[in-house]
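# Geometric and topological summary
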Amino acid sequence: MTVSYTLEVADAHFGGFTKLLLRWKGSIYKLLYKDLLVFCGVYTFFSLFYRFFLSPKQQDLFERIALYCDQFTNTNFIPVLFVLGFYVTLAFNRWWGQYTSFPLPDNLMMVVSGNVHGTDERGRLLRRTLMRYANLSSVLILRSISTRVHKRFPTLEHIVEAGFMTKDELNNFESLHSDFNKYWMPLTWFSNLASLAREEGRVRDDIALRLLMDELNKYRGKCSLLFHYDWISIPLVYTQVVTLAVYSFFAFCVIGRQFLNPEKGYKDHKIDMYVPVFTLLQFFFYAGWLKVGELIINPFGEDDDDFETNQLIDRNIQVSMLAVDDMYQNLAPMVKDKHWAQRNFSVPYTLSTAAETLTPAFRGSTYDMRMSADDLEIHQSADTAAQKQYLPQKGSQGEGMEGLLQRGKGILRGCSLPSLLDVASLPHEEEDEENIININHKEQEMSLLKVAVEQHY
């Protein structure tokens, strides 16, 4: 079963990820411990053989071989990091693509439930049969690529026994000869049955039928993509290169990382520690990385972190039948909601989440931006100098300095500038004296506002 630890890392806290290191199921220890024991056993064998079973002359020869092998483990002669990093990245992208390609019937069942009408037995039969065909197609394709599903349905008779297919449909399925996988046949039945429902008026217009066909093609595309993921693997030569690079690297490490006699003064052999701690860590990281690639290159097996295909099959058939049968036009009575009479209302919080109400709502990064008086003045180009825009005079009579100050605060605190502006044109020489007086009054008001804002800030 897939190992999930999402809840344990929902909040970042001290020691959060450290607790995950103690798990066994789905862990790197479970994948790697046998390889690590083999490496430690071989390393120990050569160490004991060098120390206790070789003559001084043979020890000299072994030491020269060890120094020679160590050259290849401490340089870039074997590009382990490069080939491993690229390989695991490629395998992970493939793994994620396979996950997103899994055929889920959710969209299709919504379209069937909303567009194939009829509360009688015929309408119910049409909806359930359509979704059974869709689920049958996914079972056939998963049976072809997943060892779990194939063990569950080893023959087509097991699929009939499970209720995904009838005996007549099985005879029809087997009567059509094809050298290729026939997972697409139930989807063809779906298409023909949807056309029949349109002729009977169960699907009321061609737009609804087109919507059914579009969702069916998306579903079929995912089934086809899974089939091609199983068919076209990562090139075998690349997998072989990565495996040889890692294994040959640690084959050299078995000899090259031996602790040699410190009395002989070999470079980097000043101390005899017996246990190669850093070599073991390097083996754990590199070989563990290779195991990760082996694990995710095909997630349709029976490893701890492989996809739970059988549970997905159970989930899909259950929810699709509920959606098109039990839930078809099964609506609760429409009533006025709890906040019907309230224009402004808030949804209650629990005591543990009440503190979140103190956090102000985000309205934009410039909402509380401070503005100067020059920022509020509108600039006109030289060719339109005869026209100016001023702040409105609304409510200026009797408003006084306090009113102007409040209006200035409103602008600086994020009020809409266009809503506070009023466009006025300077009079030409032929305009009357009353317009000139009004313009002068607005200029005075603008000056007062600028002074008030400057004094306040």
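Residues numbered from 1 in each chain as written. Predicted model: local features only at pLDDT ≥ 70, side-chain atom pairs only at ≥ 80, totals over all residues. Heavy atoms only, no water.

Our next topic: the overall build of the protein. Each helix and strand counted, the protein has 18 helices and two strands in total. Across the 457 residues that make up the protein, the buried fraction comes to 37%. Here the analysis covers contacts within the protein between residues at least 6 apart in sequence; of these, 74% occur between residues at least 24 apart. Summed over its atoms, the accessible surface of the protein is roughly 29,600 Å², and 59% of this surface lies on carbon and sulfur atoms. (Helix = DSSP H or I, 4+ residues; strand = E, 2+ residues; numbered from the N terminus. Buried < 20%, exposed > 50% of the residue type's maximum accessible area, 1.4 Å probe, protein only. Contact = heavy atoms within 4.5 Å. Areas by Shrake-Rupley, 256 points an atom, 1.4 Å probe, with all protein chains shown as cover.)

Glancing now at the layout of surface pockets. Reported here for the largest pocket is a volume of approximately 1,200 Å³. Secondary-structure elements contributing two or more residues to the lining of the largest pocket are α1 (16–20), α2 (28–52), α4 (80–100), α13 (277–296) and α14 (309–326). Take the lining of the largest pocket: its biggest share by element is seven residues, from α13. Looking at the lining of the largest pocket, its residues break down into 24 nonpolar, nine polar and six charged. Put simply, the second largest pocket is a space of about 330 Å³. If you go around the second largest pocket, you meet 16 residues; those closest to its centre are Arg 257, Phe 259, Asp 268, His 269 and Thr 279. The element best represented in the lining of the second largest pocket is α13, accounting for three residues. For the lining of the second largest pocket, the residue count by class is seven nonpolar, five polar and four charged. (1 Å grid on protein atoms, 1.4 Å probe; cavity = no way out; pocket = protein on both sides within 12 Å on 5 of 7 lines; lining within 4 Å. Points joined across faces, edges and corners; volume = space filled by probe spheres on them. Nonpolar A, V, L, I, M, F, W, Y, C, P; charged D, E, K, R; others polar.)

Okay, the UniProt feature "transmembrane region" (unreviewed entry) in the protein next. Residues annotated by UniProt as "transmembrane region" (unreviewed entry) correspond here to residues 36–54, 75–96, 237–259 and 271–289. Its end C-alpha atoms 30 Å apart, residues 271–289 is made of 68% helix and 0% strand. (UniProt positions renumbered as here; feature names shortened; annotations may be inferred.)

A few words on the packing of helix α3 (residues 56–73) against helix α12 (residues 236–256). Across the interface, α3 lies against α12 with an axial gap of 7 Å and an inter-helix angle of 140°. When you trace α3 past α12, the crossing you get is left-handed. The residues of α12 that touch α3, namely those facing Phe 62, Ile 65, Ala 66, Cys 69, Asp 70, Phe 72 and Thr 73, are Phe 249, Phe 252, Cys 253, Ile 255 and Gly 256. Tallied by class, the residues present in the contact of α3 with α12 amount to nine nonpolar, two polar and one charged. (Axes fitted to C-alpha atoms, helices over the stretch in contact; angles between N-to-C directions. Left-handed = near helix turned anticlockwise from the far one by under 90°.)

Not every positive phi belongs to a glycine, and Tyr 274 is a case in point at roughly 70°. Structurally, Tyr 274 can be placed in the loop between α12 and α13. The backbone phi angle of Gln 329 is positive, close to 55°, even though this residue is not glycine. Positionally, Gln 329 belongs in the loop between α14 and α15 (373–376). On the basis of relative accessibility, which here comes to 52%, the residue Gln 329 falls in the exposed class.

With respect to the helices and strands, Gly 293 occurs in helix α13. Since its relative accessible area comes to 0%, Gly 293 is described here as buried. Apart from the residues within four sequence positions on either side, Gly 293 is in contact with Tyr 87, Val 88 and Ala 91.

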